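Structure assessment
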Amino acid sequence: NKVLIPENDARPPLGVYFGKLLGGTRDWRSGNRLEQYNLKKRSYLGPTSMDAELSLIMSNLGKVRKGSFVYDPFVGTGSILLTCGLRGGYCFGSDIDIRILRGRVGNTPLTETTPTPFTNFRDFKLPRP
């Protein structure tokens, strides 16, 4: 089915490029994996919750794997730590605003059933950071 054009076949190529395929078949979009960790499925969301796809990309760039130690100094609602935990990392974090870590957003009162970032870890059956 290939059609060779004689005038193009006679000219040398303009350039030859070599590369290495990175990532292979690791596709988080297939098999509804990305949808499984969607923000809409989390019990606790804050005003600055990071999208699941972006946090998966960041944990991939950090080369987090089973047994890795991960420290997030600006943990917020824990989106990055959640995806690192899903990859098998040991998660640690801190934040300057303790109200976010305790589950308090704005002026909402803190109760026994108030969702916290730890609730998301429990929902995904991950160890508490």
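Look up a bit, the structure's there.
Below is a short write-up of the structure. Small disclaimer: the values here were computed from a predicted structure and weren't measured.

Remarks on the side chain of Asn-120
Relative to the helices and strands, Asn-120 resides in helix α6 (residues 117-123). From its side chain, Asn-120 meets the backbone nitrogen of Ser-43 in a polar contact 3.1 Å long. Residue contacts for Asn-120: discarding those within four places in its chain leaves Arg-42, Ser-43, Tyr-44, Thr-77 and Leu-82.

What about the pairing of strand β2 (residues 90-93)?
Where strand β1 (residues 69-72) and β2 come together, four bridges link them in parallel fashion. Paired with Tyr-71 across the bridge in β2 is Phe-92. In this view, the connection linking β1 to its parallel neighbour β2 by way of helix α4 (residues 79-86) has right-handed handedness.

Considerations on the packing of aromatic side chains
Taken as a whole and assessed by the stated rule, the structure comprises two aromatic pairs. An angle of 20° between the planes, with centres 6.2 Å apart, marks the rings of Phe-69 and Phe-92 as stacked. One end of the pair, Phe-69, is in strand β1; the other, Phe-92, is in strand β2, and 23 residues separate them in sequence. Residue class for Phe-69 comes out exposed when judged on its relative accessible area of 65%. Assessed through its relative accessible area of 42%, Phe-92 is described here as partly exposed. Aromatic rings pair up to connect Phe-69, Tyr-90 and Phe-92 into one cluster.

Digging into helix α3 (residues 52-61)
Regarding α3, the residues found buried are Ala-52, Ser-55, Leu-56 and Ser-59. Take α3 and look down its axis: the buried residues cluster within an arc of 105°, on one side only. Of the residues one or two after α3, Lys-63 is the one with positive phi, at around 55°.

Considering the environment of Gly-46
Structurally, Gly-46 can be placed in the loop between α2 (33-36) and α3. Linking Gly-46 and Pro-117, residues 71 residues apart in sequence, is a C-alpha distance of 9.1 Å.

Section: unusual backbone geometry
Despite not being glycine, Lys-63 has its phi angle at roughly 55°, a positive value. Among the structural elements, Lys-63 can be located in the loop between α3 and β1. Residue classification places Lys-63 among the exposed positions, given a relative accessible area of 60%. A positive phi is found at Lys-125, a non-glycine position, where the angle reads about 55°. As for its placement among the helices and strands, Lys-125 is situated in the segment after α6.

Structural notes on the pattern of salt bridges
The final tally for this structure, using the stated rule, is one salt bridge. Asp-123 is paired through a salt bridge with Arg-122; the nearest N and O atoms lie 3.9 Å apart.

Here is what the cut-offs are and how they apply
- Residues numbered from 1 in each chain as written.
- Predicted model: local features only at pLDDT ≥ 70, side-chain atom pairs only at ≥ 80, totals over all residues.
- Heavy atoms only, no water.
- Helix = DSSP H or I, 4+ residues; strand = E, 2+ residues; numbered from the N terminus.
- Polar contact = N/O pair within 3.5 Å; in protein donor to acceptor, adjacent residues only side chain to side chain.
- Contact = heavy atoms within 4.5 Å.
- Pairing = 2+ DSSP bridges.
- Right-handed = clockwise from strand over helix to strand, strands pointing away.
- Phe/Tyr/Trp six-rings, centres within 6.5 Å; stacked < 30°, edge-to-face > 60°.
- Buried < 20%, exposed > 50% of the residue type's maximum accessible area, 1.4 Å probe, protein only.
- Arc of directions from axis to C-beta.
- Salt bridge = Lys/Arg side-chain N within 4 Å of Asp/Glu carboxyl O.

Limitation: the analysis is restricted to geometry and does not speak to function.
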